[in-house]
Structure formats: structure tokens, C-alpha cells
Amino acid sequence: MNPAVCDRAHDAGPARPFLTLPGFCPGFSTTLKLEALNPAGSIKLKTAREMVATARREGRLRAGAPLIESTSGNLGIALAMVCAAHGHPLTLVTDPNAQAQNIRHMRALGAEVVVVTRRDGNGGYLHSRIEFIENHLSAHPETVWLNQYRDPAGPRAHRRDTMGEILDGFGVPDWLFVGVGSTGTLMGCLAAVRERRLPTRLVAVDAEGSVTFGGRGAARRLPGLGTSRRPELFVDDGSFVKARVAEADTVRSCRRVARGYGLLPGASTGTALHAVTELRELIEDGARVLVIAPDLGERYLDTVYDDDWVTRTLGPAVLTGPEPRTHPVNHPNHRKDTPMTATGAPLDANTTEKHVLDLAESVYRHPALNNAFYDLWRSTELPAEKVEIVARNFYAQVSPTVNRLALVFLRMSPDDLVARSETIENINDEMGNGDPKKVHTVLLKNFFSALLSRIRGHEVDFDDIDPTVLPAAQRLVERGAALFGDENVRVGCGALLAQEWHAYAQLVYLYEGARNYMHHFALEEFHEHCEFFYIHIGAAEKEHKLHAVSSSAALCRTEEDLAALEQGFHSYLGLLADFWQELAEAVGGTADTGLKP
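Being a predicted model, the structure only gives us computed values, none of them experimental.

Colleague: Can you break down the overall build of the protein chain residue by residue, with the values?
Modeller: The number of helices and strands found in the protein chain is 22 helices and 11 strands. When the 597 residues of the protein chain are sorted by exposure, 58% land in the buried category. Of the contacts formed within the protein chain by residues at least 6 apart in sequence, a portion of 74% connects residues at least 24 apart. If you sum the accessible surface of the protein chain, you get close to 24200 Å²; carbon and sulfur atoms cover 51% of it.

Colleague: Explain the nonpolar core to me, and be specific about the residues and the numbers.
Modeller: Ranked by internal contacts, the top residues of the largest apolar core, which has 69 residues, are Phe373, Leu497 and Tyr572. Leaving out residues up to four positions away in the same chain, Leu497 has contacts with Val356, Leu359, Ala360, Ala548, Val549, Ser552 and Phe569. Counting 29 residues, the second-largest nonpolar core is a separate cluster that includes Phe24, Leu34, Trp175 and Phe177.

Colleague: Kindly report on the sheet that holds strand β7 (residues 144-145), identifying the contributing residues and their values.
Modeller: With parallel pairing, 4 strands are arranged side by side in an open sheet as β6-β5-β4-β7. Looking at which strands have only one partner, the edges of the open sheet turn out to be β6 (112-115) and β7. Looking at chain direction, strand β5 (residues 90-94) and β6 are connected through 4 bridges and run parallel. Each residue of the ladder has a partner; that of Leu92, found in β6, is Val113. Contacts between helix α4 (residues 126-139) and the sheet are confined to β4 (67-70), β5, β6 and β7, with β4 contributing the most and set at about 165° to the helix.

Colleague: Give a description of the pairing of strand β3 (residues 29-34) that names residues and reports values.
Modeller: Counting buried residues in β3 gives 5 out of 6 residues, a clear majority hidden from the surface. The pairing of strand β2 (residues 18-20) with β3 spans 3 bridges and is antiparallel. Bridge pairing links Thr20 to Thr31 in β3. In this structure, β3 lies alongside strand β11 (residues 288-293), joined through 6 bridges in parallel fashion. Counted as the bridge partner of Lys33 is Ile292 from β11.

Colleague: Hey, could you go over the side chain of Asp358 for me, with residue numbers and the actual values?
Modeller: With respect to the helices and strands, Asp358 occurs in helix α11 (residues 349-361). Polar side-chain contacts of Asp358 include one of 2.7 Å to the side chain of Lys354.

Colleague: Tell me about the pairing of β4, and name the residues and values.
Modeller: The side-chain alternation of β4 yields two buried faces, one formed by Leu67 and Glu69 and the other by Ile68 and Ser70. Sheet analysis places β4 next to β5, joined by 4 bridges and oriented parallel. Each bridged residue has a counterpart across the sheet, and for Leu67 the counterpart in β5 is Leu90. A crossover connection joins β4 to the parallel β5 through helix α2 (residues 74-86); in handedness this β-α-β unit is right-handed.

Procedures and definitions
- Residues numbered from 1 in each chain as written.
- Predicted model: local features only at pLDDT ≥ 70, side-chain atom pairs only at ≥ 80, totals over all residues.
- Heavy atoms only, no water.
- Helix = DSSP H or I, 4+ residues; strand = E, 2+ residues; numbered from the N terminus.
- Buried < 20%, exposed > 50% of the residue type's maximum accessible area, 1.4 Å probe, protein only.
- Contact = heavy atoms within 4.5 Å.
- Areas by Shrake-Rupley, 256 points an atom, 1.4 Å probe, with all protein chains shown as cover.
- Core = buried A, V, L, I, M, F, W, Y, C linked by side-chain atoms within 4.5 Å.
- Pairing = 2+ DSSP bridges.
- Axes fitted to C-alpha atoms, helices over the stretch in contact; angles between N-to-C directions.
- Polar contact = N/O pair within 3.5 Å; in protein donor to acceptor, adjacent residues only side chain to side chain.
- Right-handed = clockwise from strand over helix to strand, strands pointing away.

Purely geometric stuff here, so don't read any function into it on its own.
Printed below as a string of C-alpha cells:
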């Protein structure tokens, strides 16, 4: 038995920093490398120590010189420790996502802490933090900024120390999961894997809403992983797997480990652990999976582990939703492709429907509905060229609706009569119930053709406008099709649930904005051309919302069924949020799509 590895949290310590979580995922072992077992309480002590030592050695940081650095918490604490020991005054620039406890910790170590409150264009704060630093450096040129997002000292520390500790204490992992923030840990581990020619598969795990892996940024509520500005250190050469995790799933994973294994993990650890569960079908039986756990959860007691904060910030479904099994599966006939729930008993039908309804209603708090585009569209009249962008991209988003419904229908079991019949009814409505003139996409084209004709003062055919669609619209179509056609029909039903509940409010908002153009029409003429909106915000569309809830609930008989439903729901809403954010930028809105208070 490896003396550095234990399988109970209370046996872990500096001499045993590797904690295996028995039964976390069937078929292979999952082990944490606990990086919090040092005076700074996180992996960032290695980064801070190496950055300061290198700068002093190279003469960039002279005795007593002041430093300034951007931090979400852990690096700030570690840097404050190192600077206090070496006599360097330190200013730390953070944001409202930082834990209050961490800010007090930094100040207790003698650091000045500045909290930047203005969101940047990607929905985060990193650009704003760096802008503050640059302005500070202009006013105080004697100050040194080591810049954790660029400084190669960080990756060097992890290439040498973190990977050295892994190989010495754990051995060569088959899979290594690493969370990405500044990306120093990832880049250092990747360098070591290459230098030593290890067979280890590396997985980089980021938070949804981060821009590190590309795409549009969105508001995030938990510190640690993710950025609103791609770090200079990060190089994506395609040699590692990338995974994104929603904050709701981070919270669920953290709480699962706390209650099932007696360890309070930090948010970054929960994020990486959820990625393990998401990729479990790719991981071979008998594999040794290692997850770097950057910190512990005592710094997240006011967020991840606070029921009020979770309910207020992420919605009640996170607390009432299913928690994965937290104990080993010892059944001799259990196979990797037959997942078990905690009890094996079916879920109560009434409880399930209530859970699905709560999930559906969470759409009203999501950036897919609370965004800059809707604010702009409802508040002002756009010029014709901007309306064309809206028309082309909105049509691209909604035109595959029937195909999406058909994909879900084809995945349904013949025994799921309620779900199948309600899906068929929905498809018939979309197709005009047999009347070609009432097909929803035809009505939508007619509306935009009429609107653009009135604005421009001459006849405009929808099919003649610029056919270019935004990248986010293309992603929504392509990835949406993958969600609706997922082999697990519950993933598709989750996406359908998101579509139906988003669509009703979406079309109310779009109709409200369309009224800004009424003065271009005669009164009766305007309402005649708005038939597309009226059929979607009437009683029939409300029925579709309720059908989506009942059919989704009917398909969910176990906790794993509910988890798959939530996966499809949140994934599709994320695609919609990205779409509206990019459309807002294209027509002149702002990029901040954070949740409204």
C-alpha cells in the first residue's frame, strides 16, 4: 500500500496528501492531491514563492520594493505571506466574487486590498482589475507587477514541484484533472508530462462563463477558476482534453464530497470532480485518476456551503436536485454502464414534477433572459441594417425547432406515451397544424419582410437579406442539435424544457420591442403581421410549457435521470445566453449579461 495515499479524510495530512474517494465513479479510482496542507492553505503558495524568489534573484524586485497583483483570493493570501516575510509592501486587487474571509486574511497579513466593482466587457472583473493595476503603475512607477497571468515562474513551480510530488508520492496517473484560472498549474503539469514522456491524459477544467477556452464570457459567482481575459500563459495546442462546468454542478459536487467523504472541498476541486463524472465514459476501467485539489472549503462557507447564498444566486433547484451516489458500489454484478442511485428506489412522481417545475422556472433568473440585447431591443428603434442582423440570426436560431423536437421524439421509448404525444402535438403546432401559411417559420419570415419593407421604404424579401449568421448562432444550431439528439433522451428533454420556457418570455420581449416600429404601419396592418408573436404568447404556448414539464417528469424515474435532464437544460440555456450576448454586441448593445439583481 502506498503510504502517501489514504482513503479517509481524517487520515490525510502533510505525510499523506493523497486522498482516494472510494466509489466516486464506478470502474476506476479517483484520488485528490490535497494542496491546502501548507500555511497559505492553497496551491498558490508554490506560485507566490517562485514568482517572488525569481524576481528577487533576477534583480527585478529589489529589497523593500512595493508589489501589486491581481487575485481572486488564494494567490493574494500566499503572496501576502511571502511579501510580509521579505519586507515588500503589497497591494492586492480583487473583486466582489472574492470571499470576505479571504480579504480579511490578506489584510491581516499586512496587504492593502482594493476591491474593483465594475464588470468588464466579458461579464467578469479581470480586465477591470488589470486596468486598475496599469493606472496604479503609471502613478507609482516604483511598484512592481509580477503578473501571475504572464510570469513563467508559476508554471515552472508546478512543473518541478507539483508534478514532482505527484510522481514521488502517487506515481504516474492515467488521467490528471487540473482546474484552470491563471493556467500556471496546467501549463506546468503539461510541460512535465511532455518532458518525461508520461502516458498521462491531461484534462483542463474551466468554469462556464470563462473565456480561457474561447467563446463569449458571462457572469461568474465563484472565485478561483475561469477568467474574463485569456491568460498569456495559456497555450492550447490540442494535446489535452478541455471541459467546462456550470457553477451549479460545482456546488453539487462539493456538497456531495462533504457529506459522503467527510472532506470540505473548495470550489475549484468541486469543479474538477464534476468533470471526472462528466468524462467517466471516456475513462477506462481500472484507471488511476488524479484530481489536483487547490484548496479546501472553509473559504467557501459563505457561498458554496451556504443554503441562502446558493438559493439566491443559483436557484433552489441546486439544493433540491439530485445528489450523486457518495458510497462505493459493492454489488458484484454492477457494471460501468449500469449506474446506480443512492437507494435504487424510484423517485416519487409528485416530488419529481415539483423539481422539474422549479428547474424550468429558474430560466427567469438566467442570462438567457436577463441580457443586454432584450434591454436594447425593448428600449429603442434600431436602424434597418441592425434589424437585418437581428432578423437573420433570430431566424437561424428558431428555424431548426421542428428538427429538434423530432430528434427528441425519436429517442423516446414507445412506452413513454405521454411524452411522445405531447411532443407530436408540439410539432403539429410548429407546422401550422396542416396549413402551410401558418407554419411558424413562414409567419416569422413574413413579419421580418414586412418590418424591413416599412423601415426601408421599399419591398424587402427576407430571403434577400444578408445570409451571414453570427458564430454564436451557428454554435447554438450545431450544439443544440447534439443536445436534442443525445443518446440519453433525458438530456434532450432538458434542452426542450429550456427551449419552451425560454421561448415564451423571449417572444413576449421581442413583441414588446416590435411595438417600437408600429408607427411604420397602419394599426390593423401591424397586428396582422404580428401573428407569429400572438400564437406564441397565447394559451397554446403556455400549454407547451406545461407539457414540457409533465413529459420531462414522466421520463425521470431515478436521480440519474434528473441529473441528465438538468445537464441538457443548463447546457442549452448557456448556448442561448451566448447567442443573445453576441447579438447584443453586433447591434450595439453592451456585453455585460450578468444577472440582474
